[in-house]
Each structure stands twice: as C-alpha cells, then as structure tokens.
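Here's the letter readout for the chains.
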Amino acid sequence: MTAWSHASVWAAVAVIGVCTYAIRFSFIYLFGRIDTVPPRLRRVLRYVPAAVLAALVVPSVVTIEPTVSGTLLDDRVLAGAVAAAVAWRTENVLYTIVVGMGTLWAIRFGPALLG
C-alpha cells in the first residue's frame, strides 16, 4: 500500500477542484455565447431533473437485505412505489415528493401515533 504525502493529497484535491470548475464553467460560457439552444439538446435537457432526482433517491430506497420480505416490504420501498405511481399519474415533481414523504412518515410514525 502506498502512503500519500499531505502535499500530494492537497494537489489531487486542487486538480480535481479545478477540473470540476472548468467543466461547469464551460457550460455557462458556452450557453452565454449561444443565442438559442438547439432543439435536439433542449429535448435531452428536459430529462436532466428526473435523472438527477432518480440518482439521488434510488440508492436510499433500494437496500440489499438477506430476505425478500426484508427488501420488498421495507417502508422506503413502499413509499417509493407510491411516489412512483404519483409521479407517473401527475408528472408533477412537487406532488411526488410530498406524497412520497407523507407516505413514508405515515408508515414509520403512524402506528406510534395511533397507539
């Protein structure tokens, strides 16, 4: 195993930070110079919010349990299924988040509040 010096770790952090900044700035600079966004790119960019939301939510919903009932009957999976149904039916992100969180809270805290 190779030991990293403090200077090499900080150099790696600095290089990664500069690269990340350059990538993000390139889009800001590019779209500042273009008068209109091409229709094909606009069509693709419509799906970015849904993809980002899915990338944030799915890892916290899906767990790997040793039993099928531990995974399929998990409160997060049930609330995620309800939220997915709301998203499919309404196509509204705010409704999806509110109903999904409400369902999760009802499943987790409802029995404790009722009895």
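Residues numbered from 1 in each chain as written. Predicted model: local features only at pLDDT ≥ 70, side-chain atom pairs only at ≥ 80, totals over all residues. Heavy atoms only, no water.

*Asks:* Tell me about the packing of aromatic side chains, and please be specific about residues and values.
*Replies:* Tallied over the entire structure, the rule returns two aromatic pairs. With a centroid separation of 6.0 Å and 10 degrees between ring planes, the pair formed by Tyr21 and Phe25 is classed as stacked. Of the two residues, Tyr21 and Phe25 are both situated in helix 1 (residues 6-33); the distance of four residues between them amounts to about one turn of the helix. On the basis of relative accessible area, Tyr21 is assigned to the exposed category, the value being 57%. Phe25 sits in the partly exposed class, given a relative accessible area of 40%. Ring centres of Phe25 and Tyr29 lie 6.2 Å apart, and the angle between their planes is 25 degrees; this geometry places the pair in the stacked category. A residue pair is termed a helical-turn pair when its members lie 3 or 4 positions apart in one helix, as Phe25 and Tyr29 do in helix 1 at four residues. (Phe/Tyr/Trp six-rings, centres within 6.5 Å; stacked < 30°, edge-to-face > 60°. Helix = DSSP H or I, 4+ residues; strand = E, 2+ residues; numbered from the N terminus. Buried < 20%, exposed > 50% of the residue type's maximum accessible area, 1.4 Å probe, protein only.)

*Asks:* Lay out helix 6 (residues 93-114) with the relevant residues and their values.
*Replies:* Here helix 6 is 22 residues long and its end C-alpha atoms lie 30 Å apart, about the 32 Å a rise of 1.5 Å per residue gives. Residue Arg108 marks the point of greatest curvature in helix 6, where the axis turns by about 40 degrees; the proline Pro111 follows within four residues. Every buried residue belonging to helix 6 is among Thr96, Gly100, Thr103, Leu104 and Gly110, and all of these are buried. Looking at the buried side of helix 6, the elements it contacts are helix 5 (75-90). (Expected span 1.5 Å × (residues − 1). Bend = angle between axes of the 7 residues up to and from the residue. Contact = heavy atoms within 4.5 Å.)

*Asks:* Go over the pattern of salt bridges with me, naming the residues and quoting the values.
*Replies:* This structure, assessed with the given rule, holds one salt bridge. Residue Asp75 pairs with Arg108 through a salt bridge whose shortest N-O separation is 2.6 Å. Of this pair, Asp75 sits in helix 5 while Arg108 is found in helix 6, placing the two residues 33 residues apart along the sequence. On the accessibility criterion, Arg108 (41% relative accessible area) is partly exposed. (Salt bridge = Lys/Arg side-chain N within 4 Å of Asp/Glu carboxyl O.)

*Asks:* Any chance you could break down unusual backbone geometry for me, citing the residues and the numbers?
*Replies:* Phi is positive for Glu91, close to 55 degrees, though the residue is something other than glycine. Relative to the helices and strands, Glu91 is located in the loop between helix 5 and helix 6. Among the residues examined, Glu91 registers a relative accessible area of 72% and is labelled exposed.

*Asks:* So what's going on with the layout of surface pockets? Which residues, and what values?
*Replies:* Unfilled space is identified by rolling a water-sized probe across the atoms. Estimates place the volume of the largest pocket at around 720 Å³. Around the largest pocket, the lining is made up of 21 residues, and of these Leu53, Val57, Ala83, Thr96 and Ile97 lie nearest the centre. Mapped by element, the contributors of at least two residues to the lining of the largest pocket are helix 3 (48-61), helix 5 and helix 6. When grouped by side-chain class, the residues that make up the lining of the largest pocket number 14 nonpolar, five polar and two charged. (1 Å grid on protein atoms, 1.4 Å probe; cavity = no way out; pocket = protein on both sides within 12 Å on 5 of 7 lines; lining within 4 Å. Points joined across faces, edges and corners; volume = space filled by probe spheres on them. Nonpolar A, V, L, I, M, F, W, Y, C, P; charged D, E, K, R; others polar.)

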